[in-house]
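# Working through the structure, step by step
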Amino acid sequence: PRGSGADDVVAAAPVSLLAPKTTHFEFGGPLGACAVTLALPFLVCLLALGCSSSYCWGPDPLSGIVNTLSEIPAALSLEAMAVILAWMAFQILLQVALPGPWVEGTKLRTGERLSYKINGHLAFWVSMLIMGHGW
């Protein structure tokens with residue numbers, strides 16, 4: 001019955017109490033999230049260049065790092081950037097175009113819930129098929 005649940009207490013509370021201003025952020029807040037977003041592709045490329053046909057980081061990782069760092073300028077090109085941006089655009093297209101169930105996220109401090117389309121598994125398999133890796 002209405003009027004006897006905890007939801008009624010939450011609904012009756014002022015919004016300022018339900019959604020106080022955030023004063024503590026995880027991962028360094030917006031600046032930390034931006035740093036991770038920008039640094040992670042560089043780290044992945046650094047690790048990918050760590051092993052090539054001529055060498056792989058081994059017992060002397062310092063020389064491997066120096067060799068890898070010297071190869072980074074050759075790996076950075078407009079073509080490489082275009083491929084990465086095209087891949088990101090393709091993934092956005094898959095998220096928008098592929099079907100998938102819509103689910104509600106966790107309850108926010110304001111009481112509302114955001115909806116999310118869950119189609120990542122299908123997007124993965126479509127990506128593998130398009131790239132020629134489908135099994």
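This section reports on the structure supplied with the text. Keep in mind that what you see is a predicted model, and the values were worked out from it rather than measured.

## Let's talk about the overall build of the protein chain
Within the protein chain, the regular secondary structure consists of six helices and two strands. Along the protein chain, from the amino end to the carboxyl end, the secondary structure elements read α-α-α-α-α-β-β-α. Burial statistics for the protein chain: of 135 residues in total, 13% are counted as buried. Counting only contacts in the protein chain whose residues sit at least 6 apart along the sequence, the fraction spanning at least 24 positions is 29%. Of the roughly 10800 Å² of accessible surface on the protein chain, 73% is carried by carbon and sulfur atoms.

## Observations concerning a nonpolar patch on the surface
Taken together, the side chains of Val36, Leu40, Leu43, Val44 and Leu47 present a nonpolar region at the surface, about 460 Å² in accessible area. Looking at where Leu47 falls in the secondary structure, it is placed in helix H3 (residues 29–48). Classification of Leu47 by relative accessible area gives exposed; the value is 53%.

## What about H3?
Spanning 20 residues, H3 covers 28 Å between terminal C-alpha atoms, matching the ideal 28 Å at 1.5 Å per step. Roughly 30° is the biggest bend found in H3, and it falls at Ala39, with proline Pro41 one to four residues downstream. Among the residues of H3, Gly29, Gly32 and Leu46 are the ones counted as buried.

## As for the packing of aromatic side chains
For the coordinates displayed, the defined rule picks out two aromatic pairs. Ring geometry for Trp87 versus Phe90: centroids 5.8 Å apart, planes at 50°, classification tilted. Taken together, the positions of Trp87 and Phe90, both in helix H5 (residues 78–97) and three residues apart, correspond to about one turn of that helix. Classification of Trp87 as partly exposed rests on a relative accessible area of 35%. Plain terms: the ring middles of Phe124 and Trp125 are 4.9 Å apart, the flat faces sit at 75° to each other, and that makes the pair edge-to-face. Phe124 gets classed as partly exposed once you look at its relative accessible area, which sits at 38%. On the basis of relative accessibility, which here comes to 37%, the residue Trp125 falls in the partly exposed class.

## Quick notes on the side chain of Ser127
Mapped onto the elements, Ser127 comes out in helix H6 (residues 120–131). On the basis of relative accessibility, which here comes to 3%, the residue Ser127 falls in the buried class. With sequence-adjacent residues up to four places away left out, Ser127 is seen in contact with Trp87, Phe90, Gln91 and Leu94.

## What to know about the side chain of Lys117
Structurally, the position occupied by Lys117 is in strand S2 (residues 115–117). Buried and without a salt bridge, Lys117 has Glu104 as its closest oppositely charged side chain, separated by 16 Å. Looking at Lys117, its side chain comes within polar contact range of the main-chain oxygen of Val96, at 2.9 Å. Here Leu98 takes part through its backbone oxygen, which lies 3.1 Å from a polar atom of the side chain of Lys117.

## Notes on the packing of H5 against H6
Angle between the axes and distance between the axes: these two values describe a pair of packed helices. Contact geometry of H5 with H6 gives a least axis separation of 10 Å together with a crossing angle of 135°. Taken together, the axes of H5 and H6 are oblique relative to one another. The two elements H5 and H6 meet at a crossing, and its hand is right-handed. The residues of H6 that touch H5, namely those facing Trp87, Phe90, Gln91 and Leu94, are Ala123, Val126, Ser127, Ile130 and Met131.

Reading the values: rules and limits
Residues numbered from 1 in each chain as written. Predicted model: local features only at pLDDT ≥ 70, side-chain atom pairs only at ≥ 80, totals over all residues. Heavy atoms only, no water. Helix = DSSP H or I, 4+ residues; strand = E, 2+ residues; numbered from the N terminus. Buried < 20%, exposed > 50% of the residue type's maximum accessible area, 1.4 Å probe, protein only. Contact = heavy atoms within 4.5 Å. Areas by Shrake-Rupley, 256 points an atom, 1.4 Å probe, with all protein chains shown as cover. Patch = residues over 30% accessible without salt bridge, like charges linked within 9 Å, V, L, I, M, F, W, Y side chains within 5 Å. Salt bridge = Lys/Arg side-chain N within 4 Å of Asp/Glu carboxyl O. Expected span 1.5 Å × (residues − 1). Bend = angle between axes of the 7 residues up to and from the residue. Phe/Tyr/Trp six-rings, centres within 6.5 Å; stacked < 30°, edge-to-face > 60°. Lys, Arg positive; Asp, Glu negative; His and termini not counted. Polar contact = N/O pair within 3.5 Å; in protein donor to acceptor, adjacent residues only side chain to side chain. Axes fitted to C-alpha atoms, helices over the stretch in contact; angles between N-to-C directions. Parallel < 35°, antiparallel > 145°, perpendicular 65-115°, else oblique. Left-handed = near helix turned anticlockwise from the far one by under 90°.

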